[in-house]
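In case you want the letters, here they are:
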Amino acid sequence: MASLTEILILHGALPIEHLDLISATPAAESQAIETLVEEGVLSSAQVAKARAARAGIQLVDLTDYPVDRQAAALVNPTVLRRHHVLPIGFEGDHLLVATADPDDLPAIDDVRAASGRALTLVMADPADLDAAFNRYIRADGELSDLTATLEEERAQEAAASTFDTEILEDEAPIVRFVNLLVSQAIQDNASDIHIEPGEHEVRVRYRIDGVLHEMQSAPKAIQAGVISRLKIMSDIDIAERRKPQDGRMSVSHGGRKIDLRVATLPTVWGEKVVMRILDNTSSSLSLENLALMPRNFEVFKASYTKPYGMILVTGPTGSGKSTTLYTTLNTVSRPEINVITVEDPVEYRMAGINQVQVNPKAGLTFASALRSILRSDPDVVLLGEIRDHETAQIAIEAALTGHLVLSTLHTNDAPSAVTRVTEMGIEPFLVSSALDCVVAQRLARRLCERCKAPVAPDVQWLESIGFPLRALEQGATLFGPVGCRACSNTGYRGRMALHEVMAVSEEIERLTVERASSAEIARVAREQGMLTLREDGWAKCLAGWTSPEEVLRVVA
C-alpha cells in the first residue's frame with residue numbers, strides 16, 4: 001500500500017523534495033505532515049483527500065452535507081468527541097460514519113458497539129468535522145440535556161408543591177434553551193422558528209427552503225418559561241395571553257447582528273410563537289441573484305432608473321418582497337442621492353442610507369414617519385408596507401412630487417395591486433399618475449444541481465396545465481427532482497423567485513381612471529408582453545431551474 005506521502009506527491013500536493021518522508025515510520029510521517037499543514041505547505045483538505053485515497057473510502061464535504069440528526073443521535077456525544085468521528089446518515093443497514101482517521105480501530109470498535117450497527121466509513125476534513133460537531137452535537141446535545149434537566153427540576157418542584165409557572169424568566173437553563181434554539185435555526189439557514197404548545201409537549205419546527213422540519217421537542221412543564229423568556233426578549237407584554245401580539249428582538253451570531261420578528265398566537269394548548277429570522281447582511285443583495293428573466297429585468301430596470309414614481313412589490317408573507325426591494329435599493333443607492341427607509345422592523349442594515357424603524361408605542365407610525373421624512377429632502381423612499389389609506393395617500397403624493405417610492409402590498413398578482421390601492425380610498429387618477437411598475441412574486445424551490453435529472457414529459461398533463469409544448473418540440477429538456485444526500489432526498493435545494501412584472505402603460509392608466517377590473521387590466525398587460533407568474537415559472541422550468549410540480553405548488 002502506498003504511503004500517505006507518496007499519494008500526496010502523486011496528487012501534486014506535496015513538493016518532491018519531501019520524498020525522505022516515505023522511509024519514515026508511520027508516527028514520524030504523520031507528525032511531519034501535521035507540521036507541514038501548520039506551516040501552510042499542505043492544506044487539511046489535501047491531507048484528507050490523500051487519506052481517503054489510501055484507505056479506499058469516499059471523501060465527503062461536511063460543509064454542505066445534510067447530516068441525518070437521527071444517525072448522529074445514535075451514539076453518545078462524549079464518545080464521538082473523544083474519537084473525533086460523527087455518524088452522518090444511513091446506508092442500508094449500515095451507519096455512515098465520518099472520520100478524520102480511518103486507521104483508528106479503537107474508535108471504529110467503540111462506535112460500532114455504541115450504535116449496535118455495522119459501520120461504513122467516509123473521510124472528512126478535520127476542520128469540517130469540528131464545525132459539524134459544533135452544529136449537530138453541541139446544540140442538539142445540550143438541548144437534550146437541558147430538556148432532561150428542566151423536566152427533572154419541574155418534577156421535583158411539583159412534588160414539593162412549590163412550582164410556579166409564572167416565575168421562570170430568570171432561570172439560566174431556560175435562557176440557554178431559548179438561545180440554543182435560535183442559534184441552531186440560524187446555523188441551519190432557517191427562515192422561521194415555530195414554537196408550538198401541544199397537549200403533552202412543546203414542539204419546535206424550523207422552516208428551511210419553505211418547508212417545515214421538526215427539530216426539537218421539550219417537556220410541557222417548561223412551556224410557560226420558554227414563552228415568557230421570548231416575550232421579554234421581544235418586548236411583548238408577558239401578562240397578556242388572550243390576544244395575538246407582535247414584537248422583535250436582535251441577536252448576535254457569528255459576528256453578525258440578526259433581527260427576529262416575533263408573533264404570538266393563543267391556541268387551545270397555550271401561546272404559539274413564530275419568529276421570522278431577518279439576516280441584516282446585504283452582501284448578497286445583487287440584481288443578478290433575483291433570477292429575473294430578460295424581459296422582466298428590462299421592464300423593471302426601466303422603472304427603478306427613473307427619478308420619480310412608485311414601484312410596488314406584491315405577494316403573500318414570505319415571498320421575498322423585502323429582499324427584492326432591498327436589492328433594488330442597493331442598486332440605486334449612491335453618494336449623490338438621499339435614501340430614506342421606513343420599516344417595521346429594519347430587516348437589512350445598509351451603509352449609506354437612512355433607516356427609520358417605526359415605533360407605534362411612541363407614536364411613530366408609518367404615516368407619521370413618512371410625513372416627517374418627506375421634509376428631510378429624500379430622493380428615494382422605501383416604505384416597508386402600505387397598510388392603510390393615510391400611508392397610501394402620502395406615498396402616492398411623494399411619488400407625484402419628484403420622489404422614487406418603493407413599497408410592498410399584499411395582493412395575489414400584479415394587476416390586482418392597482419385596484420387594491422384604489423380600494424384604499426385613493427383617487428384613481430392619482431394612482432394612474434403615480435404608479436409606474438408592479439412586481440408580483442412567489443418563492444419556488446430550486447432543483448438540486450447535484451441530482452436533478454431529465455424527465456420524459458407527460459404531454460397530456462403539461463397541456464392541461466398550460467405548459468408551452470412548442471418549446472419541448474423544439475428540443476428543450478425538462479428536469480425533475482431525484483433526491484440525494486446533499487438535498488436531504490427532497491430533490492430541491494435553495495429557493496428562487498417567480499416574477500410577474502407589469503409596467504403601467506398609458507392604456508393601463510386609462511383603465512385605472514375608469515375603475516376597470518383587475519381582470520381587464522391583466523388582459524391588457526398580457527397583450528403588452530407581461531409574463532404571468534405561471535408563465536415565468538414555465539420559463540424557469542425550461543431553463544432547468546425548477547420543476548412544473550413546484551411551480552404549481554406556489555402559483556394558482
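Residues numbered from 1 in each chain as written. Predicted model: local features only at pLDDT ≥ 70, side-chain atom pairs only at ≥ 80, totals over all residues. Heavy atoms only, no water.

Naming follows an unreviewed UniProt entry, where the protein chain appears as Bacterial type II secretion system protein E domain-containing protein of Gryllotalpicola daejeonensis.

This part is about the overall build of the protein chain. Broken down by element type, the protein chain carries 21 helices and 18 strands. Excluding contacts between residues fewer than 6 apart, the proportion of contacts in the protein chain whose partners are at least 24 apart in sequence is 64%. For the protein chain, the accessible surface area stands at approximately 25700 Å², while carbon and sulfur atoms represent 50% of it. (Helix = DSSP H or I, 4+ residues; strand = E, 2+ residues; numbered from the N terminus. Contact = heavy atoms within 4.5 Å. Areas by Shrake-Rupley, 256 points an atom, 1.4 Å probe, with all protein chains shown as cover.)

Let's shift gears to the environment of Gly529. In this fold, Gly529 is placed in the loop between helix 19 (518–527) and helix 20 (533–542). The exposure class assigned to Gly529 is partly exposed, which follows from its relative accessible area of 33%. Taking C-alpha positions, Gly529 is 9.6 Å from Ala503, a pair spaced 26 residues apart along the chain. (Buried < 20%, exposed > 50% of the residue type's maximum accessible area, 1.4 Å probe, protein only.)

Our next topic: the side chain of Ser303. By the secondary structure assignment, Ser303 is in helix 10 (residues 294–304). With a relative accessible area of 3%, Ser303 lands in the buried category. Here Asp436 takes part through its side chain, which lies 2.7 Å from a polar atom of the side chain of Ser303. Leaving out residues up to four positions away in the same chain, Ser303 has contacts with Ile311, Leu404, Asp436 and Cys437. (Polar contact = N/O pair within 3.5 Å; in protein donor to acceptor, adjacent residues only side chain to side chain.)

Quick look at the pattern of salt bridges now. All told, the structure shown has 23 salt bridges when counted by the stated rule. With its nearest N and O atoms 3.6 Å apart, the salt bridge here joins Asp344 to Arg387. Within this pair, whereas Asp344 is found in the loop between strand 11 (339–343) and strand 12 (354–357), its partner Arg387 is found in the loop between strand 13 (380–383) and helix 13 (389–400), the two being separated by 43 residues in sequence. You can call Arg387 partly exposed: its relative accessible area is 43%. Through salt bridges with shared partners, a single network forms among Glu196, Arg203, Arg205 and Lys272. (Salt bridge = Lys/Arg side-chain N within 4 Å of Asp/Glu carboxyl O.)

All chains considered together, the criterion is met by 2 aromatic pairs. Arranged with centres 5.3 Å apart and planes meeting at 70°, the rings of Phe300 and Tyr304 form a pair that is edge-to-face. Here Phe300 pairs with Tyr304, and both are found in helix 10, just 4 residues apart, close to one helical turn. For the pair shown, Phe300 and Tyr304 are each scored as buried. A cation sits over an aromatic face here: Arg446 above Trp545, 5.8 Å from the ring centre. Over the face of the ring belonging to Phe479 we find Lys452, whose NZ or CZ atom lies 5.0 Å from the ring centre. (Phe/Tyr/Trp six-rings, centres within 6.5 Å; stacked < 30°, edge-to-face > 60°. Lys NZ or Arg CZ within 6 Å of the ring centre and 35° of its normal.)

Let us now look at the environment of Arg515. Position of Arg515 among the secondary structure elements: in the loop between helix 18 (506–513) and helix 19. For Arg515 and Thr419, which are 96 residues apart along the polypeptide, the C-alpha to C-alpha distance reads 7.6 Å. Contacts of Arg515, omitting those with residues within four sequence positions, involve Glu427 and Pro428.

Let's shift gears to helix 2 (residues 26–38). Taking 1.5 Å per residue, 13 residues should reach 18 Å; helix 2 reaches 18 Å between its end C-alpha atoms and fits that length. Of the residues making up helix 2, those classed as buried are Glu29, Ile33 and Leu36. In a view along the axis of helix 2, the buried residues occupy a sector of 55°, so they form one face of it. Of the exposed residues in helix 2, those oriented more than 90 degrees away from the buried face are Ala27 and Glu38. Positive backbone phi, approximately 85°, marks Gly40, located one or two places after helix 2. (Expected span 1.5 Å × (residues − 1). Arc of directions from axis to C-beta.)

Before going further, it helps to examine the side chain of Ser191. Tracing the chain through its elements places Ser191 in the loop between helix 8 (172–187) and strand 4 (192–197). When its relative accessible area of 16% is taken as the criterion, Ser191 is described as buried. Apart from residues lying up to four places away in sequence, Ser191 is in contact with Arg207, Met275, Arg276, Ile277 and Arg495.

To continue, consider the sheet that holds strand 11. Strand order in the open sheet made by the 7 strands is 12-11-13-14-10-15-18, with mixed pairing throughout. One side of each edge strand has no neighbouring strand; the edge strands of this open sheet are strand 12 and strand 18 (492–503). Taken pair by pair, the neighbouring strands of this sheet meet at an average axis angle of 20°, ignoring direction. Pairing analysis gives 5 bridges linking strand 10 (residues 309–314) to strand 15 (residues 435–447), with the strands arranged parallel. (Pairing = 2+ DSSP bridges. Axes fitted to C-alpha atoms, helices over the stretch in contact; angles between N-to-C directions.)

Moving on, we get to the UniProt feature "domain: Bacterial type II secretion system protein E" (unreviewed entry) in the protein chain. The UniProt record marks residues 374–388 with the feature "domain: Bacterial type II secretion system protein E" (unreviewed entry), using the residue numbering of this structure. The distance separating the terminal C-alpha atoms of residues 374–388 is 18 Å; by composition the span is 0% helix and 27% strand. (UniProt positions renumbered as here; feature names shortened; annotations may be inferred.)

Turning next to the nonpolar core. In terms of nonpolar packing, the biggest core is built from 42 residues, with Met310, Leu312, Ile386, Leu435 and Met502 touching the most fellow members. Beyond its immediate sequence surroundings of up to four residues, Leu435 is in contact with Met310, Leu312, Val418 and Val504. Among the nonpolar cores identified, the runner-up in size contains 28 residues, and Val182, Ile227, Ile258 and Val273 belong to it. (Core = buried A, V, L, I, M, F, W, Y, C linked by side-chain atoms within 4.5 Å.)

The 3 strands lie next to each other as 1-2-3, forming an open sheet whose pairing is mixed. Every interior strand has two partners, whereas the edge strands, strand 1 (85–91) and strand 3 (119–123), have only one. Strand-to-strand twist across the sheet, computed as the mean angle between neighbouring axes with direction ignored, equals 30°. Note: strand 2 (residues 94–99) against strand 3, 5 bridges, orientation parallel. Looking across to strand 3, one finds that Leu95 is bridged to Leu119. Where helix 6 (residues 105–115) meets the sheet, its contacts fall on strand 1, strand 2 and strand 3, and the angle it forms with strand 3 comes to roughly 135°.

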